[in-house]
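# Commentary on secondary and tertiary structure
Here's the letter readout for the chains.
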Amino acid sequence: MSIARLTDAERAEALAALPVWHLREDGLAIVRKLKFADFNAAFGFMTRVAIQADKVDHHPEWFNVYNRVEITLTTHDASGLSRRDVEMARFIDAIAPQA
Ligand code: HBI
């Protein structure tokens, strides 16, 4: 399914509203690093994200070791960032433990 890549202005606006995410050096993805109480909490979080990802057909690229999770969001079909990444980041921020 084709989806529009965010313009530079849209990307800057989106990032301003996602302060705990940073833009990957190539500008094509956003990244957030999270730390949980333990592995059980981290994997429970990942399970909730996985269910949402499948529901909206938009899947993160992520890394987990013990209580740490690193999430990268990009839209393969847009070869960069799309509104689907912003929507998934907002979902993640809503369920992540508050720092
Ligand atoms: N997930 N992050 C991400 N980016 C995509 O472009 C994407 C996806 N999940 C499924 C999906 N696209 C489908 O629309 C097919 O293109 C695989």
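For the structure, check the block above.
Cut-offs applied
Residues numbered from 1 in each chain as written. Predicted model: local features only at pLDDT ≥ 70, side-chain atom pairs only at ≥ 80, totals over all residues. Heavy atoms only, no water. Axes fitted to C-alpha atoms, helices over the stretch in contact; angles between N-to-C directions. Helix = DSSP H or I, 4+ residues; strand = E, 2+ residues; numbered from the N terminus. Parallel < 35°, antiparallel > 145°, perpendicular 65-115°, else oblique. Left-handed = near helix turned anticlockwise from the far one by under 90°. Contact = heavy atoms within 4.5 Å. Nonpolar A, V, L, I, M, F, W, Y, C, P; charged D, E, K, R; others polar. Near = heavy atom within 4 Å. Areas by Shrake-Rupley, 256 points an atom, 1.4 Å probe, with all protein chains shown as cover.

## Quick word on the packing of helix H2 (residues 39-56) against helix H3 (residues 83-95)
The description of two packed helices rests on the angle between their axes and on the distance between the axes. Look at H2 against H3: their axes get within 11 Å of each other, and the N-to-C directions meet at 150 degrees. On the basis of their axis angle, the class for H2 and H3 is roughly antiparallel. For H2 against H3, the interelement crossing comes out right-handed. Contacts from Phe-45, Arg-48, Val-49, Gln-52, Ala-53 and Val-56 in H2 reach Arg-84, Met-88, Phe-91, Ile-92 and Ile-95 in H3. Taken together, the residues of the contact of H2 with H3 break down into eight nonpolar, one polar and two charged.

## Considering the site of the ligand
Every residue close to the ligand is listed here: Asp-57, His-58, His-59, Thr-74, Thr-75, His-76 and Asp-77. Protein chains shield 75% of the accessible area of the ligand, which is 390 Å² for the free molecule. Classifying every residue of the shell around the ligand gives no nonpolar, five polar and two charged.

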